[in-house]
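Chains, contacts and geometry: an overview
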Amino acid sequence: MKKDLLITLVLLAASSVYAHNYEKTQNGVKIQTQGMEIEVQFYAPSIVRIVKYPEFTALNKQSLSVVKQPEMVKYQSSVQDDVVYLSTNCINVSLNTVTGKISFVDKKNNPLFTEKDYGTQFTPIKDVDKDSYIVRQGFLLDKDEAIYGLGQQQNGKLIQRGEKILLRNNNTRVCIPFFQSIKGYGLFWDNYSPTTFLDNPQEMSFESLGNCSDYYFLYGGNGDGVVTQMRDLTGQSPMLPLWAYGFLQSRERYKSQEEPVEVVEKYRSLKVPLDGIIQDWQYWGPDSNWNAMSFDNPKYSDPKTMINKVHKMNVHMMISVWASFGPDTKQFAEMKEKKMLLDFDTWPPNAGVKPYDPFNPAARDIYWNYLNKGVFSLGMDAWWLDSTEPDHLNVKEQDFDQPTYLGSFRTVYNAFPLMTNKGVYEHQRATTSDKRVCILTRSSFAGQQRYAANTWSGDITSSWDVLAKQIPAGLNFSLCGIPYWNTDIGGFFSERNFKRGVKDKTFHELYVRWMQFGTFTPMMRSHGTDTPREIYQFGNRGDWAFDVQEKYINLRYRLLPYLYSTAWNITSKGGSFMRALFMDFAEDKKVCNINNEYMFGRSFLVAPVLSPMYVTRNNDVDTEDFSKTKTQSVYLPEGTIWYDFWTGEKFNGGQTVLKEVPIDIIPLYVKAGTILPWGPKVQFSSEKKWNNLELRIYAGADGKFDLYEDETDNYNYENGSYTIIPMQWNERTSTLTIGERQGHFMNMLKGHEFNIVLVDKKSGTGDNVITKIIKKVSYNGKRITVKLK
């Protein structure tokens, strides 16, 4: 008995001494336990890096996603029994020195997140010829805790609980090992290999190939706070050019240098607004010359003239560029000699095309040198970086053994798009500051927002169920901290469900409903294969499919002051365009899993129509029936008053309403307290200055809005060349205050005329200029106050 007691006392003493022997580091603590080293590193008072690695090994890792350097964070530490406690002014962290478990609580000691006891596992494995590990970290979530993120998944779910997902990028799926919780924290698992995310009643875990368990815990308090922390950690999102927020037209594909010009001419003759035309692949000629970054196709004999003609009509041009090269290209020859190509099958099949190694900085230099000489120097405005996963055909396990500059392809697979976009962004920035980088790309990874990349949801099928899945896909993607996302309006593959393509009236209905949704995404872009998508392909003015498209394209341009100011909020304050409802209405438990509505910026609630209502097909015959207007249920979150955008009718939040949805109406509601700048009717984004704007006031709550303006397509804003006009609405006094203008830029407006509208059902609202102007004010940059009641 005495012997057993003595052993117990010795073990307890040893444990206590071991806990007291933790090592303080420059920005946290370090211990050894369970055969591994554990480091807690404070990057900020609310950002903590947790890294674990087998003992007697060295930690030598340079993150591809994280750009933040650790701050000098003040923290307190203490020990009790076997636990080391660390505390900043934002969060408390505990480290169990026996089990290795780490837990997080807020400053009121409310539990936030925890690992499992003994939850870290390292299983030795060979990665080609190098010693490595299968690393697995187990966590525990609350039973009913909602989590969001994991990139862009096509599972139709907003909440990502109860899932087992192999996070490996491919066409239509963007895989990011990041999630955020309804409890106001986020977690980024900093690993680039194909990773298994698992959530079941027993645990939530990440499992990857690597030499360490490495994750960042971010406490933001709410959805916006987590996004802001993720941007702080992985980089801020630069401004895109103003024209990129207009309407862009594309097709798979324009087949001569005359076709894009003719499309632009047609839009201009119809007086339908347009800001971008996109040239898809094969302007380079045969597949053996794939992605030559030169106009070798004889039908593009004078590409500079094509670009100049487009520019003369005040339209910008984007062009398809890939991350792979055909065997007859100069790039292929040079990179093959320098061992910069990856040897596996990619698109197009059986053509000998190979991806390049974007992890190699010298390869990125070569890539840009050809792109600059063959395309950018001609005046090209923007890049469509296609197949940035990249496409991987006839997949074999040994394909992942391919060496890259940073190790086996297996270890860095998911970061391929990050490095591909990085190469183009950084080289264009080094080439000129007079033209903002604008990238459309098919894949993404954590941190890609810093490269001016707008990810689209890939080559999706034209169908109603696929349209519905894009909403939660885009919301979860945005919740990963990457604000720019869009889809092919109408879906990419139309013939799978609509054999006659644009001649099919059932396709018309899907297309216009998709365009309504696309109006309220960060990029409004029409594209697809099988059938052309230009507005005039759907009929003439007076045909409903034409008229609905024209209505929403014009609406997009009216919203440009709102869109551009929201973009500045993203760049300067870590904001978001597409916002899951819980971000703005966290107290309303009903919104946590609503996957068919979202906020667009801070003001608009968008509820796209996701099912056919007016066109049916029987025996290959389309029948239109508009005799009875259909309705759609829309939940209006509690805690605010809502205005029907189209009618001005007011509704209390916390209820479901039935909204009539004729073919030209998407349910759209505006939050009380909104100050909405309504732009001029234009044919392109910069046609008219914003010197005469309508300001729509949606009363019912205090509100504010910052109207942002700059030089629209250079980087002078980074040096302070921009203006902000702050506006505030005081509900109690019915007063609009337009504050003193902040900032300055070349050729800025000296003054503005503001036509102020107090929106209600009588005044009229919507997309047409039928609002009743209450007051007109002249603004010269000095503070003015306007009483509206």
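Details of the structure are given in the entry above.
First, a word on what this report is: a plain description of the structure on this page.

**Thoughts on the sheet that holds strand E40 (residues 675-678)**
Sheet architecture is open: four strands sit in the order E40-E41-E46-E47, paired in mixed fashion. The outermost strands of the open sheet, each flanked by one partner alone, are E40 and strand E47 (775-779). Sheet twist, expressed as the average angle between the axes of neighbouring strands with direction ignored, equals 25°. As paired elements, strand E46 (residues 752-758) and E47 share five bridges and run antiparallel to each other. Paired with Ile756 across the strands is Lys775, a residue of E47.

**Considerations on helix H5 (residues 330-337)**
Within the sequence span of H5, burial applies to Gln331, Phe332 and Met335. Around the axis of H5, the buried residues are gathered within 100° of arc, so they sit on the same side. For H5, the exposed residues set more than 90 degrees away from the buried face come down to Lys330 and Glu337. Along its buried surface, H5 packs onto strand E21 (324-325), strand E22 (354-355) and helix H6 (361-374). After H5 finishes, the residue Lys339 shows a positive phi value of roughly 60°.

**Let's talk about the packing of H5 against H6**
For any two helices packed against each other, one specifies the inter-axial angle together with the distance between the axes. Running from N to C, H5 and H6 point in directions that differ by 165°, and their axes come no closer than 11 Å. The angle between H5 and H6 falls in the class roughly antiparallel. Our pair here, H5 against H6, has a crossing hand that is right-handed. Each of Lys330, Gln331, Glu334 and Met335 in H5 lies in contact with H6, whose residues at this interface are Ala363, Ile366, Tyr367 and Tyr370. Its residues assigned to classes, the contact of H5 with H6 shows five nonpolar, one polar and two charged.

**Remarks on unusual backbone geometry**
Here the bond from Glu252 into Arg253 is cis, since omega is 0°, no more than 30 degrees from zero. Here Arg253 shows up in the loop between strand E18 (247-249) and helix H3 (258-270). Between Trp347 and the following residue, Pro348, the backbone shows a cis peptide bond with an omega angle of -5°. At Ser387, a position not held by glycine, the phi torsion is positive, near 55°. For Ser387, the location among the structural elements is in the loop between strand E23 (382-386) and strand E24 (403-404).

**Comments concerning the packing of helix H11 (residues 544-558) against helix H12 (residues 560-573)**
Closest axis-to-axis distance for the H11/H12 pair is 5 Å, and the angle between their directions is 55°. What the angle tells us is that H11 and H12 run oblique. Across from Arg556, Tyr557 and Arg558 in H11, the residues of H12 making contact are Leu560, Pro561 and Leu563. Grouping the constituent residues of the contact of H11 with H12 by class yields four nonpolar, no polar and two charged.

Definitions and cut-offs
- Residues numbered from 1 in each chain as written.
- Predicted model: local features only at pLDDT ≥ 70, side-chain atom pairs only at ≥ 80, totals over all residues.
- Heavy atoms only, no water.
- Pairing = 2+ DSSP bridges.
- Helix = DSSP H or I, 4+ residues; strand = E, 2+ residues; numbered from the N terminus.
- Axes fitted to C-alpha atoms, helices over the stretch in contact; angles between N-to-C directions.
- Buried < 20%, exposed > 50% of the residue type's maximum accessible area, 1.4 Å probe, protein only.
- Arc of directions from axis to C-beta.
- Contact = heavy atoms within 4.5 Å.
- Parallel < 35°, antiparallel > 145°, perpendicular 65-115°, else oblique.
- Left-handed = near helix turned anticlockwise from the far one by under 90°.
- Nonpolar A, V, L, I, M, F, W, Y, C, P; charged D, E, K, R; others polar.

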